[in-house]
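# Reading the structure
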Amino acid sequence: MYCTGFCSLIDSKACIDPAAELDEGVTVGPFTVIGPGVCIGKGTTIGSHAVIKGPTIIGVDNRIYQFASVGEDPQDKKYAGEDTRLEIGDRNVIREFTTINRGTTQDAVATRIGNDNLLMAYTHVAHDCQLGNQVILANAASLGGHVTVDDWAILGGFSMAHQFSHIGAHSFCAMGSVINKDIPPYVTVSGHPAKPYGINSEGLRRRDFSAEAIQQIKRAYKIIYKQQNTVEEAILLLRELAEECQEIDRYIAFLEASDRGIVR
């Protein structure tokens with residue numbers, strides 16, 4: 001049951017199921033609905049008119065703004081009411097009208113969002129998506145089902161990722177990008193469909209990558225995209241480069257794991 005000892009933080013007009021669990025210091029605005037099977041960690045703030053449906057676990061110090069829909073049923077015709085869930089970590093910001101769906105039994109069973117992510121207004125995270133940490137989805141960016149987004153990736157406003165796509169760490173997707181292939185780490189893409197346009201140099205500098213590491217990442221990008229190598233040939237060359245720069249290991253692991261193929 002939610003903590004009645006902290007009712008001063010819960011607006012009297014909110015509707016909270018007795019089977020929901022709210023930790024110390026959770027704030028809930030008026031007309032918000034929180035269903036059974038929802039667990040919310042301490043310090044999390046939920047605005048007015050939000051709807052949170054379980055099973056959903058939300059960590060500490062998150063901020064969920066008004067009119068967000070969190071933990072709703074997956075938008076998948078195969079879904080038949082199975083017990084699936086949503087897991088959200090700590091210190092995430094979920095802005096107005098964002099929609100986040102639970103998982104399906106056909107895949108991970110759970111949709112997962114890590115820590116310190118920013119989901120701007122009208123973003124959509126579909127069933128079974130897996131988001132890492134420090135991810136930014138700008139206004140109206142949308143992820144189809146089963147999409148993986150690695151740490152520090154940024155999707156510009158109105159970007160769209162096709163189901164099962166994998167978006168690599170530190171990558172940058174420009175506004176309106178339509179992503180139908182995997183995006184390797186560090187790469188900047190733009191367009192419909194998305195095409196590669198170099199590496200995310202500015203993002204790497206902001207995250208304290210050394211000038212030498214950035215230069216080596218540029219060399220790796222050229223191996224993948226500028227030298228007419230197949231992916232298999234590129235991996236062999238990248239292994240040599242990785243002996244000088246450990247950041248290249250992330251490229252190699254990503255290319256080896258890619259099922260959809262990478263943007264070209």
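Structure report, in brief.

## So, the overall build of the protein
- A tally of helices and strands in the protein yields four helices and 27 strands.
- Relative to its length of 264 residues, the protein is compact, with a C-alpha radius of gyration of 20 Å against a globular reference of 18 Å.
- Taking the principal axes of the C-alpha coordinates as reference, the protein spans close to 65 × 40 × 30 Å.
- In the protein, once contacts between residues fewer than 6 apart in sequence are set aside, the share between residues at least 24 apart is 31%.
- A total of about 12000 Å² of accessible surface is found on the protein, and carbon and sulfur atoms cover 52% of it.

## Considerations on the pattern of salt bridges
- With the rule as written, the count across this model stands at 12 salt bridges.
- A salt bridge links Asp-73 to Arg-102; the shortest N-O distance between them is 3.1 Å. Residue Asp-73 is located in the loop between strand 10 (69–72) and strand 11 (85–88), and its partner Arg-102 is located in the loop between strand 13 (99–101) and strand 14 (110–113); the two are separated by 29 residues in the primary sequence.
- On the accessibility criterion, Asp-73 (27% relative accessible area) is partly exposed.
- Linked through salt bridges whose partners overlap, the residues forming this network are Lys-53, Glu-72, Asp-73 and Arg-102.

## So, the packing of aromatic side chains
- If you walk through the whole model with that rule in mind, you get five aromatic pairs.
- Ring geometry for Phe-97 and Tyr-122: centres 4.9 Å apart, planes at 10°, overall stacked. You can see Phe-97 sitting in the loop between strand 12 (93–94) and strand 13 and its partner Tyr-122 sitting in the loop between strand 15 (118–119) and strand 16 (124–125), a full 25 residues away along the chain.
- Here the basic side chain of Arg-63 rests over the ring of Tyr-65, its NZ or CZ set 4.2 Å away from the ring centre.
- Across from the ring centre of Tyr-65, 3.8 Å away, lies the NZ or CZ of Arg-95, which sits over that ring.

## Some points on the state of the cysteines
- Counted under the stated rule, the structure contains zero disulfides.
- Unpaired in terms of disulfides, Cys-129 finds its nearest cysteine sulfur in Cys-173, a separation of 13 Å.

## A short note on the sheet that holds strand 5 (residues 38–40)
- Across the sheet, eight strands lie side by side as 2-5-8-11-14-17-20-23; this open sheet has parallel pairing. Every other strand in the sheet has two partners, leaving strand 2 (21–22) and strand 23 (166–167) as the edge strands with one partner each.
- Bridging between strand 20 (residues 148–149) and strand 23 involves two bridges; their strand directions are parallel. Of the residues in strand 23, the one forming a bridge with Val-149 is Ile-167.

## What about helix 4 (residues 248–257)?
- What helix 4 keeps buried is the set Ile-248, Tyr-251, Ile-252, Phe-254 and Leu-255. The arc enclosing the buried residues of helix 4, seen along the axis, measures out at 165°, which places them on a common side.
- Summarising the contacts, the buried residues of helix 4 are in contact with strand 23, strand 26 (187–190), strand 27 (195–199), helix 2 (211–225) and helix 3 (231–242).

## Focus on the environment of Gly-25
- Structurally, the position occupied by Gly-25 is in the loop between strand 2 and strand 3 (27–28).
- Of the residues examined, Gly-25 reaches a relative accessible area of 25% and is grouped as partly exposed.
- Sequence separation of Gly-25 and Ile-10 is 15 residues, and the distance between their C-alpha atoms is 9.4 Å.

## Focus: the packing of helix 2 against helix 4
- Closest axis-to-axis distance for the helix 2/helix 4 pair is 10 Å, and the angle between their directions is 30°. By the angle class used here, helix 2 and helix 4 are roughly parallel. For the pair helix 2 and helix 4, the contacting residues are Gln-216, Ile-217, Ala-220, Tyr-221 and Ile-224 in the first and Ile-248, Tyr-251 and Leu-255 in the second.
- Classifying every residue of the contact of helix 2 with helix 4 by side-chain character gives seven nonpolar, one polar and no charged.

## Some remarks on helix 3
- Its 12 residues give helix 3 an end-to-end C-alpha distance of 16 Å, which sits within 8% of 16 Å, the value for a rise of 1.5 Å per residue.
- Along helix 3, the positions that sit buried rather than exposed are Ala-234, Ile-235, Leu-238, Leu-241 and Ala-242. Summarising the axial view, the buried residues of helix 3 lie within an arc of 115°, below the 170-degree limit, and thus occupy one face. Exposed and oriented more than 90 degrees from the buried face of helix 3 are Glu-232, Leu-236 and Glu-240.
- Those residues of helix 3 hidden inside the fold are in contact with helix 2 and helix 4.

## Observations regarding the sheet that holds strand 26
- Judged by pairing direction, the sheet is mixed, and its 10 strands sit side by side in the order 3-6-9-12-15-18-21-24-26-27 without closing on themselves. Edge strands, defined here as strands with exactly one partner in the open sheet, are strand 3 and strand 27.
- Examined bridge by bridge, strand 26 and strand 27 share three bridges and lie antiparallel to one another. Across the sheet, residue Ser-190 finds its bridge partner in strand 27, namely Lys-195.
- Each of strand 26 and strand 27 touches helix 2; the most contacted strand, strand 27, lies at about 150° to it.

The rules behind these values
Residues numbered from 1 in each chain as written. Predicted model: local features only at pLDDT ≥ 70, side-chain atom pairs only at ≥ 80, totals over all residues. Heavy atoms only, no water. Helix = DSSP H or I, 4+ residues; strand = E, 2+ residues; numbered from the N terminus. Rg over C-alpha atoms; globule rule 2.2 N^0.38 Å. Contact = heavy atoms within 4.5 Å. Areas by Shrake-Rupley, 256 points an atom, 1.4 Å probe, with all protein chains shown as cover. Salt bridge = Lys/Arg side-chain N within 4 Å of Asp/Glu carboxyl O. Buried < 20%, exposed > 50% of the residue type's maximum accessible area, 1.4 Å probe, protein only. Phe/Tyr/Trp six-rings, centres within 6.5 Å; stacked < 30°, edge-to-face > 60°. Lys NZ or Arg CZ within 6 Å of the ring centre and 35° of its normal. Disulfide = S-S within 2.5 Å. Pairing = 2+ DSSP bridges. Arc of directions from axis to C-beta. Axes fitted to C-alpha atoms, helices over the stretch in contact; angles between N-to-C directions. Parallel < 35°, antiparallel > 145°, perpendicular 65-115°, else oblique. Nonpolar A, V, L, I, M, F, W, Y, C, P; charged D, E, K, R; others polar. Expected span 1.5 Å × (residues − 1).

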